[in-house]
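# Structural overview
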Amino acid sequence: MTAQHLQAELEDHYRWFHQHPETAYQEFETTARIRQILTEHGIDILDTGLKTGLVARIDGAAKDGLGAGHVVAVRGDIDALPIQEDTGVPYASLNPGYLHGCGHDYNLTTALGAALLLAERRDEFAGTVKVIFQPAEEVAATKEIPTGAVAVLNTGALNDVEAFYGVHDTNGEEPGTFVIASGPDSGAVDKFRVRFHGRGTHAAHPNGGINPIRPLAAAVEGIQSISGQDVEPTHPCVVTVTHVESGSTWNVIAPDAFLEGTARTAFPEDRTIIHDRLEAIVNGIAAAYGVSVDFEWEYGSPSVVNDEQWSALAAQTATDLGLTVVTPKQTSLGGEDFSYYLQHAPGSFIHIGVGNGDRPMHGPTFYAKLDALADGADLLATVATRTLARLGE
């Protein structure tokens, strides 16, 4: 398959996926389409039990190649967002109120292209590549409803994977540019909730009760200082109070006051520092003001920390393919559930430039430029087979 033929085929697939966006765990039509394309190309699909999303498997047939018995995986996510599209493209969403506003249509098409290339190149490598078409990256995960990466890992289909590669589009770079680096790539996403319990009373007689708003106000100031005072200054992190609430009218001191917010950290050790410091602050303030306190910390996805070896291999592979490689301008503190795969085995998360930097991602006007679809697929397929060879050395 020539690069031009692959590019044309992937553009057609992308436009179909863009026209048919489906949100987390509702990607039934998307999954069916991916399954159809893979089946037409003779690619095996694992029986994982997933309701949406799937895992394909391509086994190399090279008898004397390095990598036999080893397994790597590549991942593209497939879910869309509940956004009304306003892009003006002729292949706009046919599902009112839904848009691939984060470019997962691009990510899954890149992974699909890699699968097609790997199937075509079976005789050139040994070992196995699993291609993950992951649902629900954007889901608001709970204990009952996990994020899509956790759902895929829970199937056991990836237990034998020794290295993971993920891809995601970025409108911060133009097509043809790939952002690859080792170290922290995205933020851990945690939530905290604090409720102070005082004693309600008439506002004219505050001494008859214990006003919980006073410790809440002190806590807000203390919490907001953590990232600037307790964490290594060169480490990206943020601690933000986003919601405060107490009382119902002007002349009554309420018995309770509530605050919540988020902590985002790039380095795993900072996650522990912030959790412990925040808990100590609210407990200390509660004691000082004579109130009791309930403290909750909800761990979300960990930070993506790219492996040095596999990131270097990905960057060298991109360079060998004639692609432009840059290092990130800064670590994002946005969440990315690819991090869960990296808790299982090392790997690297690759960002592919798609331009349109004036169209914010997660906004109604965003769509990807398609120029580098074949390049991204080639990079993903090539780095997978090179990783197998490295593992077999």
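Residues numbered from 1 in each chain as written. Predicted model: local features only at pLDDT ≥ 70, side-chain atom pairs only at ≥ 80, totals over all residues. Heavy atoms only, no water.

The next thing to look at is the sheet that holds strand β4 (residues 128-134). Read from one edge to the other, the open sheet built from eight strands follows the order β1-β2-β4-β3-β5-β16-β6-β15, with strand pairing classed as mixed. Each edge of the sheet is formed by a strand with only one pairing partner; in this case those strands are β1 (44-45) and β15 (324-326). Bridge count for β1 against strand β2 (residues 54-59) is two bridges, and the pairing is antiparallel. The residue bridging isoleucine 45 from the neighbouring strand is alanine 56, located in β2. This element, helix α10 (residues 373-391), spans β3 (71-77), β4, β5 (163-170), β6 (177-179) and β16 (347-353) of the sheet and lies at about 155° to β3. (Pairing = 2+ DSSP bridges. Helix = DSSP H or I, 4+ residues; strand = E, 2+ residues; numbered from the N terminus. Contact = heavy atoms within 4.5 Å. Axes fitted to C-alpha atoms, helices over the stretch in contact; angles between N-to-C directions.)

Moving on, we come to the nonpolar core. Core analysis: the biggest nonpolar cluster contains 59 residues, and Leu38, Tyr106, Val131, Phe133 and Tyr165 have the highest contact counts within it. Considering every element that reaches this core, the biggest residue donor is helix α3 (residues 104-120), with 10 residues. Setting aside anything within four residues of it in sequence, one finds tyrosine 106 in contact with Tyr14, Asp169, Ile352, Val354, Ala368, Lys369, Leu370, Ala372 and Leu373. Ranked by size, the runner-up nonpolar core spans 24 residues in total, among them Ile223, Cys237, Ile274 and Trp297. (Core = buried A, V, L, I, M, F, W, Y, C linked by side-chain atoms within 4.5 Å. Buried < 20%, exposed > 50% of the residue type's maximum accessible area, 1.4 Å probe, protein only.)

Look at helix α8 (residues 308-320): 18 Å from first C-alpha to last across 13 residues, which is about the 18 Å you get at 1.5 Å a residue. Sitting at the head of α8, aspartate 307 places a side-chain oxygen 3.0 Å from the backbone nitrogen of glutamine 309. Phi turns positive, to about 80°, at glycine 322, one or two residues after α8. (Expected span 1.5 Å × (residues − 1). Polar contact = N/O pair within 3.5 Å; in protein donor to acceptor, adjacent residues only side chain to side chain.)

What follows concerns unusual backbone geometry. With phi around 65°, tyrosine 25 is a residue other than glycine that occupies positive phi space. Its identity is not glycine, yet alanine 136 carries a phi of approximately 55°, on the positive side. Positionally, alanine 136 belongs in the loop between β4 and α4 (148-154). Given the relative accessible area of 0%, alanine 136 is considered buried.

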